[in-house]
Amino acid sequence: MLSSPDLSFSRTLPIVVFNQLGELLEQMAQTVGSATLVLTEAVLMRICIPVEWQRQRFTLVVSEQFSALLVGNLAQGEEGEQGIDSALNAQLTFNLEAIATFVYELRDLFECDSSTYQNLEGYRQIIRPNDATLQSQFSLLLLEYLLTQPNQEIIAPPSSTPTIYICQPVEDALKKQISQERLLNQVTTQIRKSLDLSVIMATAITQVREFLELDRLVIYKFEGSKVKAQQYQSDTIPLSGTALLTGMEQSIGEPSKIYFSIPENKDKLSLSVSANNQPLLENRQNYRGYIVYEARATDAITSVLNYTERNCFIQTSQCWEKYRQGFTLAVDDVEKTYALEKCLLKFLRESQVRAKLAAPIIFEDKLWGLLIAHQCDKPHQWTESEKNLLVAIAEQLAIAIHQAELMQTLTQEKQTLEQRVIERTIGLRDALLAAEAANRLRSEFLATISHELLTPLTYVIGMSSTLLRWPLGELSQRQRGYLQTIHDSGEHLLEMINDILDLSQIEAGKTALNISEFSLVNVAENAIESLRKKAISEQINLNLDLQIDPKRDRFTADGERVEQILWNLLTNAIKFTPENGSVTLRLWMEDNTAIFQVEDTGIGIPDEQLPLIFDKFQQLDTPYRRRYEGTGLGLALTKQLVELHRGRIEVESTVSIGSIFTVWIPTQSMRVVS
């Protein structure tokens, strides 16, 4: 007798009895025919559901001829403790309104654009009063079940059966845990020892598949991920949003190009293969990712890399968000979980997927991919141990991916740096070639121009000197003045040309020092005497201060170049020293170094111009600049000659007080130095 007039009753039932009633309803659905919908709580595994639904178990049968609903609610806190003694507050109803309301609420858990939502809405519309014959048939089936329960006898095991060791299950569990930890340690060690991501992934999935005795284990990578997962991956994506896949396991055979389509509902996998290995243009917007590795128990198991499937999936985002938050999808039986998604269920059947477990691979708070385990032939209830191992392996793979990305970044930066070095080297080489060409042209130009200038200049100086030696009666005083101007200008021009030639030869590396032994005192006295007449004409007091031991007078260097250095410094000092001033040349020795110092009481050099005085064509920017002629090459040439001797030159100066130039020249070896 029913407990209520609306064809329903409520009672607290053990979970074993509740499950048996659900099995009776499923048997009844098979009797009704293929047009009958049978759903259990497994259909909710892949979506986010409210808390109240998480404590609810149900079996729903819907057809035009027979509909029934069995619902059970677990007591608070029993969701994770469903033992054989657990009880549910169960209700079995045939009430059309109650069934329609339940279908309506179940439908709203799915997004409105999903096929599950649409299918549930369609089944809600076909609910009709139960056929009397079918209702009676179920009653007889239920009666038969109830009558057989009290007659079941508990058969005691024969006394000869060996007693099972009471701690055996605990020992087996410990052994399995130890083996699992050993496997995880092997994967971790492999990651630490190797930076080859393809080797790490291939080794990991092979070992895990064998340990869990899986039919198939795959790694699925989303297209937006940066790190390349294996060596067969194409470097270029054929179309926008399209990823190219090749076979990755020896058992697969010759690599074939596969195109995968993955909607936002990431627990659904779709593959698309074109006949000529070309991307499918009409579905290019749905290509989301691809499987990068696959390990199978035997070749008899279908490879998902070779399956052609399109147009099955409507995009949703619930599983995407769940995976992003670390959700692990466990489907014990795809027949129950995907009962309303016929196209997907067909795909899973053809791919030989009966149960699956998917753990997310999260890298830097981004969903990189999935580690997916498959059982192909029969349903499989995934244990917490299996889930934990798959999650741990996924975490280790994320670490490997992080290492690979760092190495990839370093490699790219290294390649970029090498490319920049190559480009810079090419640029420098081109600049050097251009400089050498310019230097060669300059040398050729100077050689030519020096010949063209020096030859007529020699005639000018020689003839003017000859005319100046004529008796006064033959030349007037004015004519003699003109000749003297011509002679002095020629001498000055000759001096300037020689300075330019010397400087260009030194810079071109074509100047050689003629090393010999000479007297430092003689060189200093010669420099002073050559400028004595000029100093007297300028009313400058020219002094020589010798602070050298006569025993150390002999010195090894290029005597002519040393005298040229002193001459240039003394000439420069005389030029910029006012009348009645003084210029002093000092000479002394320190160890094996000769030190020359030229001190004047001239105009001095401003501090801001001190760094520039040894540059070519640089002159003091003072009112005296217009009083004194010069090209600004004297000090530049002097510095070059000093450095050619591996020496150095320094200057100290105070405006309106004077300057001190100090030169250090070390003794040279007895050979020609260039």
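Residues numbered from 1 in each chain as written. Predicted model: local features only at pLDDT ≥ 70, side-chain atom pairs only at ≥ 80, totals over all residues. Heavy atoms only, no water.

Caption draft 1: Quick look at the overall build of the protein chain. For the protein chain, the helix and strand inventory stands at 16 helices and 20 strands. Taking all 674 residues of the protein chain together, 43% fall into the buried category. A separation threshold of at least 6 residues defines the contact pool for the protein chain, and within that pool the share at least 24 residues apart is 71%. Accessible surface for the protein chain amounts to roughly 36500 Å². Of this, 52% is attributable to carbon and sulfur atoms. (Helix = DSSP H or I, 4+ residues; strand = E, 2+ residues; numbered from the N terminus. Buried < 20%, exposed > 50% of the residue type's maximum accessible area, 1.4 Å probe, protein only. Contact = heavy atoms within 4.5 Å. Areas by Shrake-Rupley, 256 points an atom, 1.4 Å probe, with all protein chains shown as cover.)

Caption draft 2: Examining the pattern of salt bridges more closely. Per the stated rule, a full pass over the model turns up 15 salt bridges. When the shortest N-O distance is used, the salt bridge between Asp108 and Arg107 registers 2.9 Å. Residue Asp108 is classed as partly exposed on the basis of its relative accessible area of 40%. Residue classification places Arg107 among the buried residues on the basis of a relative accessible area of 9%. The shortest N-O distance in the salt bridge between Glu384 and Lys387 comes to 3.7 Å. Of the two residues, Glu384 and Lys387 both sit in helix 11 (residues 384-468), three residues apart, roughly one turn of that helix. Residue Lys387 is classed as partly exposed on the basis of its relative accessible area of 23%. (Salt bridge = Lys/Arg side-chain N within 4 Å of Asp/Glu carboxyl O.)

Caption draft 3: How the structure looks around the confidence of the model for the protein chain. Confidence in the prediction of the protein chain, expressed as mean pLDDT, is 77, and 77% of residues score 70 or more. Below a pLDDT of 50 lies the segment residues 313-317, which in the model reaches 21 contacts outside its immediate sequence neighbourhood of four places, other chains included. Confidence over residues 621-626 falls short of pLDDT 50; this stretch has five contacts with residues more than four positions distant or in other chains. (pLDDT = per-residue confidence, 0-100.)

Caption draft 4: Seen up close, unusual backbone geometry. With phi around 60°, Gln539 is a residue other than glycine that occupies positive phi space. Looking at the element boundaries, Gln539 is found in the loop between helix 14 (532-537) and strand 15 (541-546). For Gln539, a relative accessible area of 44% puts it in the partly exposed group. One non-glycine residue with positive phi stands out, namely Arg646, at about 65°. For Arg646, the position within the fold is in the loop between helix 16 (634-644) and strand 19 (648-654).

Caption draft 5: Here's a closer look at the sheet that holds strand 11 (residues 329-331). The strand order across the open sheet formed by five strands is 10-6-13-12-11, and the pairing between neighbours is antiparallel. Each having just a single partner strand, strand 10 (289-296) and strand 11 make up the two edges of the open sheet. In this sheet, adjacent strand axes meet at a mean angle of 15° when their direction is disregarded. Two strands pair when backbone bridges link them, and strand 12 (residues 355-363) and strand 13 (residues 366-375) are joined in this way by nine bridges, in the antiparallel orientation. Paired with Ile362 across the bridge in strand 13 is Leu367. Most of the contacts of helix 7 (residues 197-212) go to strand 10, to which it runs at about 50°, and overall it touches strand 6 (216-222), strand 10 and strand 13. (Pairing = 2+ DSSP bridges. Axes fitted to C-alpha atoms, helices over the stretch in contact; angles between N-to-C directions.)

Caption draft 6: Broad picture of the sheet that holds strand 1 (residues 8-14). Strand order in the open sheet formed by five strands is 1-5-4-3-2, with antiparallel pairing between adjacent strands. Whereas interior strands pair on both sides, the edge strands pair on one side only; in this sheet they are strand 1 and strand 2 (37-40). Neighbouring strand axes in the sheet, compared pairwise and without regard to direction, differ in orientation by 10° on average. Relative to strand 5 (residues 87-93), strand 1 runs antiparallel, the two sharing seven bridges.

Caption draft 7: Just the packing of helix 3 (residues 96-108) against helix 4 (residues 115-125), in detail. For the pair helix 3 and helix 4, the least separation of the axes is 9 Å and the interaxial angle reads 170°. Considering their axes alone, helix 3 and helix 4 lie roughly antiparallel with respect to each other. Across from Ala100, Val103, Tyr104, Leu106, Arg107 and Asp108 in helix 3, the residues of helix 4 making contact are Tyr117, Leu120, Glu121 and Arg124. Of the residues that constitute the contact of helix 3 with helix 4, the class distribution is six nonpolar, no polar and four charged. (Parallel < 35°, antiparallel > 145°, perpendicular 65-115°, else oblique. Nonpolar A, V, L, I, M, F, W, Y, C, P; charged D, E, K, R; others polar.)

Caption draft 8: Local environment of helix 15 (residues 559-575). Look at helix 15: 24 Å from first C-alpha to last across 17 residues, which is about the 24 Å you get at 1.5 Å a residue. Among the 17 residues in helix 15, 13 count as buried, and that is most of the element. Where helix 15 begins, the capping side chain belongs to Asp558, and its oxygen is found 3.2 Å from the backbone nitrogen of Glu560. (Expected span 1.5 Å × (residues − 1). Polar contact = N/O pair within 3.5 Å; in protein donor to acceptor, adjacent residues only side chain to side chain.)

Caption draft 9: A look at the environment of Ser530. Along the chain, the position of Ser530 falls in helix 13 (residues 520-530). Here the alpha-carbon distance between Ser530 and Trp567, two residues 37 residues apart in the chain, equals 8.2 Å. Of note is the side chain of Ser530, whose polar atom sits 2.8 Å from the backbone oxygen of Ala527.

Caption draft 10: Structural detail: the nonpolar core. Ranked by size, the top nonpolar core spans 43 residues in total, and within it Leu520, Leu570, Phe596 and Phe661 carry the most contacts. The greatest single-element share of this core, amounting to seven residues, is contributed by helix 15. (Core = buried A, V, L, I, M, F, W, Y, C linked by side-chain atoms within 4.5 Å.)

Caption draft 11: Representation of the environment of Ala29 within the structure. For Ala29, the position within the fold is in helix 1 (residues 15-32). Ala29 sits in the buried class, given a relative accessible area of 3%. Each C-alpha atom of the pair Ala29 and Leu60 lies 9.8 Å from the other, and the pair is 31 residues apart in sequence.

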